[in-house]
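The residues making up each chain are set out below.
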Amino acid sequence: MYVLKDGEVSETGTYQELLEKKGAFAEFITQHITEEIEDEDELDELQEQLANTPIAKEITRTISRQRSRLSESGSIGSQNGLDRTESRESLRSNGMKRKPSMSIRKMSVGRSSNKGKEPGEEPPSKGKLTTVEKEEKGNVKWDVYWYYLGAIGIAFIVGTILFSIGFQVFGIATNVWLGMWSEDPNMVVDGKVDAALRDMYLGVYGALGIGQALSILSSSLIFTKGTMFAATKLHNFMLKNVLRLPMAFFDTTPSGRILSRFSNDIIGIDLRLPMTFTVFFQNTFRVIGTMLVICFTTPLFTAVIIPLLAIYIFIQRYYVATSRQLRRIESVSKSPIYSHFGETVTGTHVIRAYGQVARFTEISENKVDLNQKTMYPSNSSSLWLTVRLETIGNLIILFAALFAVLGKDLNPALVGLSVSYSMNITNTLNFLVRMISDVETTIVSVERIKEYGEMETEADWDIPNKKPAETWPENGQLDFKNFSVKYRAGLDLVLKGISFHIKGGEKVGIVGRTGAGKSSLTLGLFRIIEAAHGQILIDNKDIADIGLHDLRSRLTIIPQDAVLFSGSLRMNLDPFDKYSDKDVWNSLELAHLKEFTKGLSGGLSHIVSEGGDNMSVGQRQLVCLARALLRKTKILILDEATAAIDLETDDLIQKTIRTAFADCTVLTIAHRLNTIIDSDRVLVLDQGKIAEFNTPKVLLDDKTSIFYGMCKDAGIV
């Protein structure tokens, strides 16, 4: 066995040899009995195993104390209305179970009943932890088109249309001019070509060609510029809104669904939609120009254009409805692929450890297969469309040629022009319908981005006319008045009308078993979740009246799960570069990280990987402590901040906090009761309500109090 301490092997040997040394391992065994063993049978078994060891006497004394605690905690638990199981789940020093993460607690809330929900609120889906991705039905609403065209800009749209029309006009004029040129009897006189007339025709023909080239170039440039501007605008609009969405959205929305909007849908707006719209404009005016030329050269064609147009519109609408919905299904079925891939990458170590690689590969392949199933009907519908459009195109050629023959007095050049245009109508119609379909299916990306861009955000970050003073809060006084909160609409209240007062500079410990509402209280204080009823006052100022940035910048929290970003260590400590290097080093020294940082090759410039993966869990927590020490706001919240740190370091940190934040209001959500036993007062929460709130001495003197039962269970009293 090897015992590690400060990154080095402090002891090594067999189990018996380590016990004989009476070093760190022997201390750990003794401590383990106090922390973990809650069953008398287990105590008997352990006592037998260690009866003949060098630490037998210490073990016997510890086990005797533990037996006494176990026998007393049963009666204490019954006096407090807590059964044995609840007593073991209570917060206790050292042996207290670590509370689950916020997401798990929200899951349990999500499964709760709808009892006590507000009138008019829709209950959440029973047993559902995430919301179902919204899938629109039917035609894409016109406001989506106007939304995208408005993002491009009216000037860009008008310019594109005018130059596209100009391109078709110049193209038709070129062909008509060639017809006139070929039919001009004055081109050849007495076997000689009239050079002046030829040059005139050639000059006009060249000018028309240049006009056509400039028109299509201008149209493409204008529309490309407009669509680039629109893509940037829509991306930034969605990004800005998503960053301001309330936490309830991220709790119920898989990350893959969000990634799908920022990848697949943004690609649609960046690449597919501009290209589709460009071809749509070109083919629309080409079809209009073709029909006008045929109708002008063979007027009888107007008799069949209306029924052919009706058949064409029917086929087009029938196809587009199917194609559009298939694209929506494909977009929705793509999000689970991203979600599963992200989860798989995150849990790679666990998947490999349990030999589940094949199962996760199969799940991924099934999700991809489900997504690809939408492609087969999409291709089938394209073939269905091709057959019918070919039929309409052939009918147009038939009638154009038939009416050209029937019209005896027609100009041969114009007849040739009419037939040549009708020969191209099949491909033009085919492209037009496909582009109409592609526009409708690709515009779904705008529809999905618009949805995220218009979701209701959290409160305003800054409210200029209600900005607090720079020195606020001056005292750090807190008042909760009939405060109630829930994680989202339709769920039960997690805090139910709590009211209490905390004086400025007071140190308050907050305890309660899992689900009592401890962390929910801090979330309400930061307005991560908004109040359902009541209010919170800081120095007699309602926090609901000020901007979120002003509120959150005046509070500091050291969370249970450390939050670090990819970048330098200094950036993680001082992201806005407000403090000097001297201040940063001082905060590291207070957090007991100075020697560790000096040992790094880059010092403060050491690169922290994403999430701080290249640091231990305890070191990440100390970085968060150093960040808090650097900011040193008037109110500090410790949300089980030392849960991942050993007892010795925990004691050092507690001393640092008592010294550095001596004049600050400190709220400590306890993981180990000995960290809050010296608080000015202790707040005990139970099922979202205040069960007890008094000084530790008063609560411990009351043998029937919940806090006394917790301390008794933890071996503190």
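The following refers to the structure shown.

What counts, and at which threshold
- Residues numbered from 1 in each chain as written.
- Predicted model: local features only at pLDDT ≥ 70, side-chain atom pairs only at ≥ 80, totals over all residues.
- Heavy atoms only, no water.
- Helix = DSSP H or I, 4+ residues; strand = E, 2+ residues; numbered from the N terminus.
- Buried < 20%, exposed > 50% of the residue type's maximum accessible area, 1.4 Å probe, protein only.
- Contact = heavy atoms within 4.5 Å.
- Areas by Shrake-Rupley, 256 points an atom, 1.4 Å probe, with all protein chains shown as cover.
- Arc of directions from axis to C-beta.
- Axes fitted to C-alpha atoms, helices over the stretch in contact; angles between N-to-C directions.
- Parallel < 35°, antiparallel > 145°, perpendicular 65-115°, else oblique.
- Left-handed = near helix turned anticlockwise from the far one by under 90°.
- Nonpolar A, V, L, I, M, F, W, Y, C, P; charged D, E, K, R; others polar.
- Phe/Tyr/Trp six-rings, centres within 6.5 Å; stacked < 30°, edge-to-face > 60°.
- Lys NZ or Arg CZ within 6 Å of the ring centre and 35° of its normal.

## Some remarks on the overall build of the chain
And then number 1: If you tally the helices and strands in the chain, you get 26 helices and 16 strands.
And then number 2: Put simply, the chain has 717 residues, and 45% of those count as buried.
And then number 3: A fraction of 77% describes how many contacts in the chain between residues 6 or more apart in sequence connect residues 24 or more apart.
And then number 4: In the structure as shown, the chain presents an accessible area of about 36,200 Å², 59% of it carried by carbon and sulfur atoms.

## Digging into helix α7 (residues 142-152)
And then number 1: Residues of α7 that are buried: V144, Y145, Y148, L149, A151 and I152. Buried residues in α7, looked at end-on, bunch into an arc of 155°, giving them a common side. Of the residues in α7, the exposed ones pointing more than 90 degrees away from the buried face are W142 and W146.
And then number 2: G153 sits one or two positions beyond α7 and adopts a positive phi of about 110°.

## Structural notes on the packing of α7 against helix α9 (residues 195-243)
And then number 1: Running from N to C, α7 and α9 point in directions that differ by 110°, and their axes come no closer than 7 Å. On the basis of the axis angle, α7 is roughly perpendicular to α9. Regarding α7 and α9, the two cross each other, and that crossing is right-handed. Contacts between α7 and α9 involve Y147, Y148, G150, A151 and I152 from the former and F223, G226, T227, F229, A230, K233, L234 and F237 from the latter.
And then number 2: Its residues placed into classes, the contact of α7 with α9 shows nine nonpolar, three polar and one charged.

## Brief notes about the packing of aromatic side chains
Two descriptors summarise a pair of aromatic rings, namely the distance from one centre to the other and the angle between the planes of the rings.
And then number 1: Inspection of the entire model under this criterion finds 18 aromatic pairs.
And then number 2: Ring geometry for F249 versus Y452: centroids 5.5 Å apart, planes at 85°, classification edge-to-face. Here the residue F249 occupies a position in helix α10 (residues 247-252), and Y452 occupies one in helix α17 (residues 425-453), the gap between them amounting to 203 residues.
And then number 3: Ring geometry for F277 against F281: centres 6.0 Å apart, planes inclined by 40°, an arrangement best described as tilted. Pair noted here: F277 and F281 are both in helix α11 (residues 255-297), with a separation of four residues, about one helical turn. We note that F277, like F281, is buried.
And then number 4: In textbook terms, an aromatic cluster arises when at least three aromatic residues are bridged by ring pairs, as seen for Y148, F223, F277, F280 and F281.
And then number 5: One Lys or Arg, K450, reaches over the ring of Y147 and ends 5.7 Å from the middle of that ring.

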